[in-house]
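Geometric and topological summary
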Amino acid sequence: MTARIDAEGDNLLLVSDPTGVHASMTSAGEPAEVIVKGSSEEIFRTLSGDRTEGAHAHVTGDADALRRFFALTSSALTFDRLVDRST
């Protein structure tokens, strides 16, 4: 799965393959299966699998690509999930 991230003038290409997720800088017109646009905060919230009601990035792509993208982000391991805040 390929996803182009467009955030505040910066463009990043994420490629998910059997070896992991790889990122590289790219141009705004780079083709990708999924396009993710928004502020840096919205992008992070979306990529981290955050399911709160805060603003999320605008994500477009065909149904299969979106299914794979959201499967990938739903398994994201974020700092908040690592930290035990009950103490």
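Residues numbered from 1 in each chain as written. Predicted model: local features only at pLDDT ≥ 70, side-chain atom pairs only at ≥ 80, totals over all residues. Heavy atoms only, no water.

1. Focus: the side chain of Asp-6
Summarising the element assignment, Asp-6 is placed in strand S1 (residues 2-7). Separated by 2.6 Å, the side chains of Asp-6 and Asn-11 make a polar contact. (Helix = DSSP H or I, 4+ residues; strand = E, 2+ residues; numbered from the N terminus. Polar contact = N/O pair within 3.5 Å; in protein donor to acceptor, adjacent residues only side chain to side chain.)

2. What about the sheet that holds strand S4 (residues 34-38)?
Taking strand neighbours across the sheet as the criterion, the five strands line up as S3-S2-S1-S4-S5 in an open arrangement whose pairing is mixed. Each having just a single partner strand, strand S3 (20-25) and strand S5 (58-61) make up the two edges of the open sheet. If you compare each strand with its neighbour and ignore which way they point, the axes differ by 20° on average. Across six bridges, S1 lies against strand S2 (residues 10-17) in antiparallel orientation. Looking at the pairing, Ala-7 lines up with Asp-10 of S2. (Pairing = 2+ DSSP bridges. Axes fitted to C-alpha atoms, helices over the stretch in contact; angles between N-to-C directions.)

3. Notes on the environment of Val-36
As for its placement among the helices and strands, Val-36 is situated in strand S4. Separated by 29 residues in the primary sequence, Val-36 and Ala-7 place their C-alpha atoms 8.2 Å from one another.

4. Focus on the pairing of S1
Working note: regular strand, side chains alternate between the two faces of the sheet. Of all six residues making up S1, five are buried, and the element is well covered by its neighbours. With five bridges joining them, S1 and S4 adopt parallel strand pairing. In the sheet register, Asp-6 faces S4, and the bridge partner there is Lys-37. (Buried < 20%, exposed > 50% of the residue type's maximum accessible area, 1.4 Å probe, protein only.)

5. Some words on helix H1 (residues 40-47)
Where H1 is concerned, the buried positions are Ile-43, Arg-45 and Thr-46. Looking straight down H1, one finds its buried side chains confined to an arc of 165°; they lie on one side. Turned more than 90 degrees from where H1 packs its buried face, Glu-41 and Phe-44 sit exposed. For H1, the elements touching its buried residues are S1, S4, S5 and helix H2 (63-74). Two residues or fewer after H1 comes Gly-49, characterised by a positive phi angle close to 80°. (Arc of directions from axis to C-beta. Contact = heavy atoms within 4.5 Å.)

By themselves, these observations are geometric and do not establish any function.
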